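So you can see what is in the structure, the chains are spelled out below.
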Amino acid sequence: MNGKLFAQAIIKVISGVLLMGILLFIPAGSFSYWNGWLLMAVLFVPMIVAGFVMMKKSPELLQKRLNAKEEQSEQKTVIVLSGLMFFAAFVVAGLNFRFGWIVLPNWIAYAATAVFLLGYLIYAEVLRENAYLSRIVEVQENQKVIDTGLYGIVRHPMYSSTLLLFLSMPLVLGSVISFVIMLVYIPIIAKRIRNEEQVLEQGLAGYSDYRKRVKHKLIPWIW
(Lines give C-alpha, C1' and ligand atoms only; values in the text may rest on other atoms or scores of the structure.)
Protein backbone atom coordinates (compact mmCIF):
# COMPACT_ATOMS: atom_id res chain seq x y z
CA MET A 1 0.00 0.00 0.00
CA ASN A 2 1.27 3.45 -0.93
CA GLY A 3 1.80 5.13 2.45
CA LYS A 4 1.80 8.65 1.03
CA LEU A 5 -1.42 8.04 -0.91
CA PHE A 6 -3.05 6.48 2.17
CA ALA A 7 -2.10 9.47 4.34
CA GLN A 8 -3.37 11.89 1.71
CA ALA A 9 -6.71 10.08 1.49
CA ILE A 10 -7.11 9.95 5.30
CA ILE A 11 -6.37 13.67 5.61
CA LYS A 12 -9.00 14.42 2.95
CA VAL A 13 -11.63 12.35 4.77
CA ILE A 14 -10.86 13.81 8.19
CA SER A 15 -10.94 17.34 6.76
CA GLY A 16 -14.30 16.61 5.14
CA VAL A 17 -15.76 15.20 8.36
CA LEU A 18 -14.59 18.19 10.40
CA LEU A 19 -15.82 20.73 7.87
CA MET A 20 -19.26 19.14 7.52
CA GLY A 21 -19.54 18.78 11.28
CA ILE A 22 -18.81 22.48 11.73
CA LEU A 23 -21.30 23.52 9.04
CA LEU A 24 -24.07 21.33 10.46
CA PHE A 25 -23.74 21.16 14.23
CA ILE A 26 -22.68 24.71 15.06
CA PRO A 27 -25.79 26.20 13.35
CA ALA A 28 -27.88 23.40 14.88
CA GLY A 29 -26.58 24.36 18.31
CA SER A 30 -26.57 20.73 19.37
CA PHE A 31 -24.97 17.36 18.68
CA SER A 32 -28.44 15.80 18.94
CA TYR A 33 -29.14 16.74 15.31
CA TRP A 34 -29.61 13.11 14.27
CA ASN A 35 -30.15 13.94 10.58
CA GLY A 36 -26.66 15.42 10.50
CA TRP A 37 -25.14 12.22 11.89
CA LEU A 38 -27.17 10.17 9.42
CA LEU A 39 -25.87 12.14 6.43
CA MET A 40 -22.28 11.98 7.64
CA ALA A 41 -22.57 8.20 8.07
CA VAL A 42 -24.04 7.48 4.63
CA LEU A 43 -21.61 9.92 3.01
CA PHE A 44 -18.30 9.05 4.61
CA VAL A 45 -18.57 5.31 5.38
CA PRO A 46 -19.08 4.31 1.70
CA MET A 47 -16.47 6.91 0.72
CA ILE A 48 -13.89 5.27 3.00
CA VAL A 49 -14.76 1.79 1.70
CA ALA A 50 -14.52 2.99 -1.92
CA GLY A 51 -11.19 4.63 -1.13
CA PHE A 52 -9.72 1.37 0.16
CA VAL A 53 -11.03 -0.49 -2.90
CA MET A 54 -9.50 2.06 -5.29
CA MET A 55 -6.23 2.07 -3.35
CA LYS A 56 -5.98 -1.68 -3.83
CA LYS A 57 -7.31 -2.04 -7.39
CA SER A 58 -6.67 1.33 -9.03
CA PRO A 59 -4.33 3.59 -7.03
CA GLU A 60 -3.74 5.70 -10.15
CA LEU A 61 -7.44 6.62 -10.28
CA LEU A 62 -7.48 7.46 -6.57
CA GLN A 63 -4.38 9.60 -6.94
CA LYS A 64 -5.91 11.41 -9.87
CA ARG A 65 -9.11 12.16 -7.98
CA LEU A 66 -7.30 13.34 -4.86
CA ASN A 67 -4.98 15.70 -6.70
CA ALA A 68 -7.39 17.09 -9.29
CA LYS A 69 -7.16 20.83 -9.88
CA GLU A 70 -9.24 22.62 -12.49
CA GLU A 71 -7.31 24.65 -15.03
CA GLN A 72 -10.24 26.16 -16.93
CA SER A 73 -11.58 29.42 -15.54
CA GLU A 74 -15.19 28.46 -16.34
CA GLN A 75 -14.89 25.30 -14.28
CA LYS A 76 -13.25 27.19 -11.42
CA THR A 77 -16.39 29.34 -11.34
CA VAL A 78 -18.53 26.20 -11.20
CA ILE A 79 -16.50 24.94 -8.20
CA VAL A 80 -16.88 28.23 -6.34
CA LEU A 81 -20.64 28.32 -6.95
CA SER A 82 -20.97 24.70 -5.82
CA GLY A 83 -19.04 25.45 -2.65
CA LEU A 84 -21.30 28.39 -1.82
CA MET A 85 -24.35 26.22 -2.50
CA PHE A 86 -23.19 23.50 -0.10
CA PHE A 87 -22.22 26.05 2.56
CA ALA A 88 -25.64 27.70 2.44
CA ALA A 89 -27.58 24.40 2.33
CA PHE A 90 -25.76 22.82 5.28
CA VAL A 91 -25.88 25.93 7.49
CA VAL A 92 -29.59 26.46 6.76
CA ALA A 93 -30.29 22.78 7.54
CA GLY A 94 -28.64 23.19 10.94
CA LEU A 95 -30.56 26.39 11.63
CA ASN A 96 -33.79 24.70 10.53
CA PHE A 97 -33.18 22.02 13.17
CA ARG A 98 -32.42 24.60 15.86
CA PHE A 99 -35.43 26.82 15.23
CA GLY A 100 -37.88 24.27 13.84
CA TRP A 101 -38.84 26.36 10.81
CA ILE A 102 -40.22 23.48 8.72
CA VAL A 103 -40.22 20.04 10.34
CA LEU A 104 -40.39 17.13 7.89
CA PRO A 105 -41.55 13.63 8.93
CA ASN A 106 -38.75 11.16 9.59
CA TRP A 107 -39.82 8.88 6.73
CA ILE A 108 -38.71 11.55 4.24
CA ALA A 109 -35.18 11.43 5.66
CA TYR A 110 -35.16 7.63 5.40
CA ALA A 111 -36.51 7.66 1.83
CA ALA A 112 -33.94 10.30 0.87
CA THR A 113 -31.23 8.10 2.40
CA ALA A 114 -32.27 5.28 0.06
CA VAL A 115 -32.05 7.64 -2.93
CA PHE A 116 -28.65 8.85 -1.72
CA LEU A 117 -27.32 5.29 -1.53
CA LEU A 118 -28.71 4.59 -5.01
CA GLY A 119 -26.73 7.59 -6.24
CA TYR A 120 -23.62 6.15 -4.59
CA LEU A 121 -24.16 2.79 -6.31
CA ILE A 122 -24.45 4.51 -9.70
CA TYR A 123 -21.29 6.49 -8.93
CA ALA A 124 -19.43 3.28 -8.06
CA GLU A 125 -20.54 1.67 -11.33
CA VAL A 126 -19.32 4.71 -13.28
CA LEU A 127 -15.92 4.42 -11.58
CA ARG A 128 -15.80 0.75 -12.58
CA GLU A 129 -16.74 1.44 -16.20
CA ASN A 130 -14.57 4.47 -16.90
CA ALA A 131 -10.86 4.35 -16.09
CA TYR A 132 -10.49 7.87 -17.51
CA LEU A 133 -12.93 9.37 -15.02
CA SER A 134 -11.56 12.62 -13.62
CA ARG A 135 -12.76 15.31 -11.26
CA ILE A 136 -11.60 17.96 -13.72
CA VAL A 137 -12.53 18.70 -17.32
CA GLU A 138 -9.73 17.37 -19.49
CA VAL A 139 -8.84 14.96 -22.28
CA GLN A 140 -6.25 12.46 -21.05
CA GLU A 141 -3.49 10.75 -22.97
CA ASN A 142 -4.77 7.71 -24.91
CA GLN A 143 -8.32 8.41 -23.73
CA LYS A 144 -11.10 6.67 -25.62
CA VAL A 145 -14.84 7.21 -25.78
CA ILE A 146 -16.70 4.96 -23.32
CA ASP A 147 -20.10 4.03 -24.79
CA THR A 148 -21.04 0.84 -22.93
CA GLY A 149 -23.04 0.26 -19.74
CA LEU A 150 -24.43 3.44 -18.25
CA TYR A 151 -22.58 5.45 -20.90
CA GLY A 152 -24.82 3.80 -23.49
CA ILE A 153 -27.86 5.33 -21.76
CA VAL A 154 -26.69 8.86 -20.88
CA ARG A 155 -23.51 10.71 -21.74
CA HIS A 156 -22.71 11.84 -18.21
CA PRO A 157 -23.79 9.13 -15.74
CA MET A 158 -21.38 10.48 -13.11
CA TYR A 159 -23.35 13.73 -13.05
CA SER A 160 -26.58 11.73 -13.00
CA SER A 161 -25.35 10.16 -9.78
CA THR A 162 -24.36 13.51 -8.28
CA LEU A 163 -27.82 14.86 -9.10
CA LEU A 164 -29.33 12.08 -6.96
CA LEU A 165 -26.72 12.55 -4.24
CA PHE A 166 -26.91 16.32 -3.94
CA LEU A 167 -30.69 16.66 -4.18
CA SER A 168 -31.26 13.92 -1.59
CA MET A 169 -28.76 15.39 0.91
CA PRO A 170 -30.98 18.23 2.19
CA LEU A 171 -33.91 15.85 2.65
CA VAL A 172 -31.71 13.46 4.62
CA LEU A 173 -30.99 16.54 6.74
CA GLY A 174 -34.72 17.15 7.09
CA SER A 175 -34.70 20.59 5.49
CA VAL A 176 -36.95 21.51 2.57
CA ILE A 177 -35.41 25.01 2.57
CA SER A 178 -31.99 23.47 1.96
CA PHE A 179 -33.52 21.38 -0.83
CA VAL A 180 -34.62 24.59 -2.57
CA ILE A 181 -31.09 25.94 -2.19
CA MET A 182 -29.60 22.76 -3.67
CA LEU A 183 -31.78 23.11 -6.78
CA VAL A 184 -29.14 25.66 -7.82
CA TYR A 185 -27.06 22.58 -8.67
CA ILE A 186 -29.14 22.03 -11.82
CA PRO A 187 -27.97 25.18 -13.66
CA ILE A 188 -24.48 24.73 -12.19
CA ILE A 189 -24.11 21.22 -13.60
CA ALA A 190 -25.67 22.30 -16.90
CA LYS A 191 -22.94 24.96 -17.18
CA ARG A 192 -20.22 22.42 -16.41
CA ILE A 193 -21.55 19.93 -18.95
CA ARG A 194 -21.69 22.56 -21.71
CA ASN A 195 -18.03 23.39 -21.17
CA GLU A 196 -17.00 19.75 -20.78
CA GLU A 197 -18.66 18.71 -24.02
CA GLN A 198 -16.92 21.53 -25.88
CA VAL A 199 -13.56 20.26 -24.58
CA LEU A 200 -14.38 16.64 -25.48
CA GLU A 201 -15.67 17.60 -28.95
CA GLN A 202 -12.38 19.37 -29.67
CA GLY A 203 -9.97 16.89 -28.14
CA LEU A 204 -11.49 13.39 -28.01
CA ALA A 205 -11.73 11.41 -31.23
CA GLY A 206 -15.17 9.87 -31.79
CA TYR A 207 -16.98 12.02 -29.24
CA SER A 208 -19.07 13.83 -31.87
CA ASP A 209 -20.40 10.50 -33.17
CA TYR A 210 -21.05 9.38 -29.59
CA ARG A 211 -23.16 12.49 -28.96
CA LYS A 212 -25.27 11.63 -31.99
CA ARG A 213 -25.82 8.05 -30.78
CA VAL A 214 -26.53 8.84 -27.14
CA LYS A 215 -28.97 11.76 -27.14
CA HIS A 216 -29.46 12.42 -23.43
CA LYS A 217 -26.97 13.92 -21.00
CA LEU A 218 -28.24 13.04 -17.52
CA ILE A 219 -31.77 11.62 -17.44
CA PRO A 220 -32.97 9.10 -20.06
CA TRP A 221 -35.65 10.52 -22.40
CA ILE A 222 -35.76 13.79 -20.43
CA TRP A 223 -32.38 15.58 -20.29
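It should be noted that the structure appears before, not after, this text.
Quantities reported herein were computed from a predicted structural model and do not represent experimental measurements.

## Some details on the layout of surface pockets
Taken as a whole, the second largest pocket encloses approximately 170 Å³ of empty space. Together, 14 residues line the second largest pocket, and N35, F97, V103, L104 and G174 are the ones closest to its centre. Among the secondary structure elements, those contributing two or more residues to the lining of the second largest pocket are α2 (34-57), α4 (73-99) and α5 (106-129). Of the residues in the lining of the second largest pocket, the class split is nine nonpolar, five polar and no charged.

## Digging into the pattern of salt bridges
Considering all chains together, one arrives at five salt bridges under this definition. Across the pair D147 and R213 runs a salt bridge whose closest N-O atoms are separated by 2.9 Å. With D147 in the loop between α5 and α6 (157-172) and R213 in helix α9 (residues 207-213), this residue pair connects regions lying 66 residues apart in the sequence. Residue D147 is classed as partly exposed on the basis of its relative accessible area, which comes to 35%. The shortest N-O distance in the salt bridge between E197 and R211 comes to 3.4 Å. Of the two residues, E197 is situated in helix α8 (residues 185-203) and R211 in helix α9; the sequence distance between them amounts to 14 residues. With relative accessibility at 3%, the residue E197 sits in the buried group. Overlapping salt bridges bring together R155, E197, E201 and R211 as one network.

## Considerations on α6
A rise of 1.5 Å per residue sets the reference length of α6, with its 16 residues, at 22 Å; its end C-alpha atoms lie 22 Å apart and thus fit the reference within 8%. Taken across its 16 residues, α6 has 14 buried, putting it largely inside the fold. One or two residues past the end of α6 sits G174, with phi positive at roughly 75 degrees.

## Some words on the side chain of S175
Tracing the sequence through the fold places S175 in the loop between α6 and α7 (176-182). Given a relative accessible area of 0%, S175 falls into the buried group. Apart from the residues within four sequence positions on either side, S175 is in contact with V92, A93, N96, L104 and P170.

## What to know about the packing of aromatic side chains
For the structure shown, the criterion picks out 12 aromatic pairs. Ring geometry for F31 against W37: centres 6.4 Å apart, planes inclined by 35 degrees, an arrangement best described as tilted. For F31, a relative accessible area of 64% corresponds to the exposed category. When its relative accessible area of 43% is taken as the criterion, W37 is described as partly exposed.

The rules behind each value
Residues numbered from 1 in each chain as written. Predicted model: local features only at pLDDT ≥ 70, side-chain atom pairs only at ≥ 80, totals over all residues. Heavy atoms only, no water. 1 Å grid on protein atoms, 1.4 Å probe; cavity = no way out; pocket = protein on both sides within 12 Å on 5 of 7 lines; lining within 4 Å. Points joined across faces, edges and corners; volume = space filled by probe spheres on them. Helix = DSSP H or I, 4+ residues; strand = E, 2+ residues; numbered from the N terminus. Nonpolar A, V, L, I, M, F, W, Y, C, P; charged D, E, K, R; others polar. Salt bridge = Lys/Arg side-chain N within 4 Å of Asp/Glu carboxyl O. Buried < 20%, exposed > 50% of the residue type's maximum accessible area, 1.4 Å probe, protein only. Expected span 1.5 Å × (residues − 1). Contact = heavy atoms within 4.5 Å. Phe/Tyr/Trp six-rings, centres within 6.5 Å; stacked < 30°, edge-to-face > 60°.

Read these as spatial facts, not as claims about activity.
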